[in-house]
Each structure stands twice: as structure tokens, then as C-alpha cells.
Amino acid sequence: VQFEPALPSWKTAAAGRVASAAGVRVILEFESAFWCSSGAAAATEVFGVVGTGPDAQGGDAATSTDTTGAPVPTLLVGLEAALGKPLLVAEFAAGAAEQALSLTNDKLIEAVMSTLRRVFPSSTAALSGAPKSSQVGRWGEQADAADEGGAAPVP
């Protein structure tokens with residue numbers, strides 16, 4: 001990007017020092033918002049998940065894995081109240097994102113579904129099949145390589 005007039009050198013130097021971390025976002029649409037407490041979505045629901053891998057024990061929880069070794073989402077956000085649709089966003093950050101970038105979209109979606117089955121064991125009917133729809137977004141150093149394996153970024 002070039003600016004006209006040119007930015008002062010101290011601004012371009014600062015912009016050059018900004019690092020971009022890897023990240024993966026999986027958006028799932030379900031038939032209903034099974035994660036809403038008491039059946040009412042009064043506000044957007046946000047919750048985190050801790051994996052069972054070695055890093056979940058006193059280390060960086062962002063690199064946690066589930067019992068199959070798949071990365072665990074760092075953050076889950078329910079958007080039923082905000083958008084009026086039963087959408088759930090799973091964010092992978094830090095070490096979990098680096099690990100998630102190597103997976104295909106299908107494997108990422110299954111990793112999120114596996115986490116949801118563990119967190120919401122009473123919602124087996126809602127989680128027994130595939131979500132109604134899904135979208136995966138990737139950014140970071142390995143995102144382009146992962147996309148060559150059949151993974152499509154969110155437009």
C-alpha cells in the first residue's frame with residue numbers, strides 16, 4: 001500500500017514492526033442454538049474451552065488438544081442473540097491456530113464438533129450430524145499452503 005502524500009518515516013517504521021499472527025475461524029450454522037442457557041439468548045454467549053493435551057496442564061492453553069490430538073478452539077461465540085440465527089463461531093489462536101492451519105476444512109469442522117460434543121453432552125441430537133452450513137477462514141504464514149489442500153478461506 002502506498003499513501004499519497006507519503007506517510008512520515010516513523011509511521012511506516014511502526015507499521016513494519018506490526019506482526020500478524022496466524023488464526024483460524026470456523027463458523028457453523030445449526031438448526032437451533034443448543035448452547036443458549038435456559039433456552040433464552042438474552043446476549044451473545046462467549047465461552048472458552050480447555051483441552052486435555054499436555055499444554056492444558058499448566059502450559060499455554062491455546063495449544064491444547066482433545067483426546068484425539070486435534071486442536072481445541074480457543075474461544076467459542078454464539079451469535080443467536082446478535083444475528084437472530086443459530087450461528088456459532090470457533091476461533092483458533094496462537095499454537096492452536098498453527099496446528100489448525102495444517103488441517104482440511106472437514107477436519108477443522110470435526111474438531112469443533114468434537115469439542116462441542118464434550119462441552120454440551122446433553123445436546124447429542126443437535127450435534128449428531130453435520131452442521132446445517134459452515135465456513136472456514138484462515139490467515140497467517142501457513143494459510144496459503146493449507147488452502148492448496150482444498151481449504152477455502154472466507155471471502
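Coordinates for the structure precede this section.
Conventions we followed
Sequence order as written defines the numbering, with residues in each chain counted from 1. Residue-level local features of this predicted model are given only where pLDDT is at least 70; pairs of side-chain atoms are given and counted only at 80 or more, and the full residue set underlies all totals for whole chains, interfaces and linings. Heavy atoms throughout the structure, all of them, feed into the side-chain values; hydrogens and water do not. Only runs of H or I of at least four residues qualify as helices and only runs of E of at least two qualify as strands under DSSP, and these elements are numbered from the N terminus. Partly exposed residues are those whose accessible area sits between 20% and 50% of the maximum for their type, while under 20% is buried and over 50% is exposed, using a 1.4 Å probe and protein chains only. Note on definitions: a residue-residue contact is assigned when non-hydrogen atoms from the two residues lie within 4.5 Å. Each reported salt bridge corresponds to a side-chain nitrogen of Lys or Arg within 4 Å of a carboxyl oxygen of Asp or Glu. The rule for pairing is simple: two strands pair if DSSP sees at least two bridges between them. Axis definition: a line fit to C-alpha positions, over the contact stretch in the case of helices; interaxial angles, taken between N-to-C directions, run 0 to 180 degrees. Helix span is expected to be 1.5 Å times the residue number reduced by one. For Phe, Tyr and Trp, rings pair up if their centres lie within 6.5 Å, where Trp contributes its six-membered ring, and each pair is then called stacked (planes under 30 degrees apart), edge-to-face (over 60) or tilted (otherwise).

Student: So, the overall build of the protein: which residues are in play, and what are the values?
Tutor: Along the backbone of the protein there are 6 helices and 5 strands. In sequence order, the protein lays out its α and β elements as α-β-β-β-α-β-α-α-α-β-α. Per-residue burial for the protein yields a buried fraction of 38% across its 155 residues. In the protein, of all internal contacts separated by at least 6 residues, the share reaching a separation of at least 24 is 69%.

Student: Help me get a handle on the pattern of salt bridges, residues and values and all.
Tutor: Applying the stated rule across the entire model yields 3 salt bridges. A salt bridge links Lys132 to Glu29; its shortest N-O distance comes to 3.9 Å. Here Glu29 lies in strand S1 (residues 23-29) and Lys132 lies in the loop between helix H5 (124-127) and strand S5 (133-139), a separation of 103 residues in the sequence. By relative accessible area, Glu29 is classed as buried at 15%. The shortest N-O distance in the salt bridge between Arg117 and Glu110 comes to 3.0 Å. You can call Arg117 partly exposed: its relative accessible area is 33%.

Student: Lay out the sheet that holds strand S3 (residues 75-78) in plain terms, naming residues and giving numbers.
Tutor: On the basis of which strands lie adjacent, the open sheet formed by 5 strands has the order S2-S3-S4-S1-S5 and antiparallel pairing. On the outer flanks of this sheet lie strand S2 (45-47) and S5, each paired with one strand and no other. With strand direction ignored, the average angle separating the axes of adjacent strands in the sheet is 15°. In the sheet, S1 pairs with S5 via 7 bridges, with the strands oriented antiparallel. Across the sheet, residue Glu29 finds its bridge partner in S5, namely Ser133. On top of the sheet, helix H4 (residues 105-119) reaches S1, S3, strand S4 (87-93) and S5; it is set at about 70° to S1, its chief contact.

Student: Which residues make up H4, and what values go with them?
Tutor: In this model, H4 (15 residues) spans 21 Å end to end at C-alpha, consistent with the 21 Å of a helix rising 1.5 Å per residue. Of the surrounding secondary structure, the elements contacted by the buried residues of H4 are S1, S3, S4, helix H3 (94-100), H5 and S5.

Student: Explain the packing of aromatic side chains to me, and be specific about the residues and the numbers.
Tutor: Enumeration according to the criterion identifies 4 aromatic pairs in this entry. Plain terms: the ring middles of Phe30 and Trp35 are 6.1 Å apart, the flat faces sit at 70° to each other, and that makes the pair edge-to-face. According to the relative accessible area criterion, Phe30 is buried, its value standing at 3%. Accessibility expressed as a relative area gives 4% for Trp35, which makes it buried. Ring-pair connections join several aromatic residues into one group, and the members of that group are Phe30, Phe34, Trp35 and Phe120.

Coordinates in, geometry out; function isn't part of it.
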